[in-house]
Amino acid sequence: MGVLYVISDRQSASTAIELASKERGDVSILLIGEARGLIDGLEQGKTLGHTCRIYCLDANPKGTSQVHGVEAVDYFGWVELIEENDRIVSWT
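Below: a short report on this structure.

What counts, and at which threshold
- Residues numbered from 1 in each chain as written.
- Predicted model: local features only at pLDDT ≥ 70, side-chain atom pairs only at ≥ 80, totals over all residues.
- Heavy atoms only, no water.
- Helix = DSSP H or I, 4+ residues; strand = E, 2+ residues; numbered from the N terminus.
- Buried < 20%, exposed > 50% of the residue type's maximum accessible area, 1.4 Å probe, protein only.
- Contact = heavy atoms within 4.5 Å.
- Areas by Shrake-Rupley, 256 points an atom, 1.4 Å probe, with all protein chains shown as cover.
- Pairing = 2+ DSSP bridges.
- Axes fitted to C-alpha atoms, helices over the stretch in contact; angles between N-to-C directions.
- Polar contact = N/O pair within 3.5 Å; in protein donor to acceptor, adjacent residues only side chain to side chain.
- Arc of directions from axis to C-beta.
- Core = buried A, V, L, I, M, F, W, Y, C linked by side-chain atoms within 4.5 Å.

This next bit is on the overall build of the protein chain. When you go through the protein chain residue by residue, the secondary structure sums to three helices and five strands. Listing every helix and strand of the protein chain by position from the N terminus yields β-α-β-α-β-β-α-β. Counting all 92 residues of the protein chain, 38% fall into the buried class. Contacts in the protein chain between residues far apart in sequence, at least 24 positions, make up 62% of those at least 6 positions apart. Accessible area for the protein chain stands at about 5600 Å²; split by element, carbon and sulfur atoms hold 50% of it.

This is the structure we're talking about:
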């Protein structure tokens, strides 16, 4: 069990991602709303540790996004992420 950061605000997303990178253990980040536009500029390997996974909400996912290291999920996948994590941090 880990922590899920749900980020929807594009302007303060860098702060939330920085906080997520300081977490210990299993960390997942789900980009929703306007924050989905950030996936093109994310440099996952430099900013985040090895245990962090990044997801992007997409109503019709095709399995993975076009950005390496970012997995597209639908609303059902969002629910699965909530069930998999014991702590949820909502950043809006």
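There's more to say after this.
What follows deals with the sheet that holds strand S5 (residues 87–91). With respect to topology, five strands assemble into an open sheet ordered S4-S3-S2-S1-S5, the strand pairing being parallel. On the outer flanks of this sheet lie strand S4 (70–73) and S5, each paired with one strand and no other. The mean inter-strand angle of the sheet, taken between neighbouring strand axes irrespective of direction, is 25°. Of the pairings in the sheet, the one linking strand S1 (residues 3–7) to S5 comprises five bridges and is parallel in character. In the sheet register, valine 6 faces S5, and the bridge partner there is serine 90. Helix H1 (residues 13–21) contacts S1, strand S2 (27–31) and S5 of the sheet and is inclined by roughly 175° relative to S1.

With respect to the helices and strands, arginine 53 occurs in strand S3 (residues 52–57). Residue classification places arginine 53 among the partly exposed residues on the basis of a relative accessible area of 30%. For arginine 53 and glutamate 71, which are 18 residues apart along the polypeptide, the C-alpha to C-alpha distance reads 8.2 Å. Within polar-contact distance, the side chain of arginine 53 engages the side chain of tyrosine 55 at 2.8 Å.

This brings us to the environment of glycine 25. Note on placement: glycine 25 falls in the loop between H1 and S2. Among the residues examined, glycine 25 registers a relative accessible area of 44% and is labelled partly exposed.

Attention shifts here to H1. All of the buried residues in H1 are Ala13, Ala16, Ile17 and Ala20. The buried residues of H1 occupy an angular sector of 100° when the element is viewed end-on, so they sit on one face.

A general feature of soluble globular proteins is that nonpolar side chains tend to end up buried together. Grouped together as the largest cluster of nonpolar side chains are 17 residues, with contacts concentrated most on Tyr5, Ile7, Val27, Ile29 and Leu31. Those elements that place two or more of their residues in this core are S1, H1, S2 and S3. Here this core takes four residues from H1, the largest share from any one element. Residues Leu4, Tyr55, Leu57 and Leu81 belong to the second largest nonpolar core, which totals eight residues.

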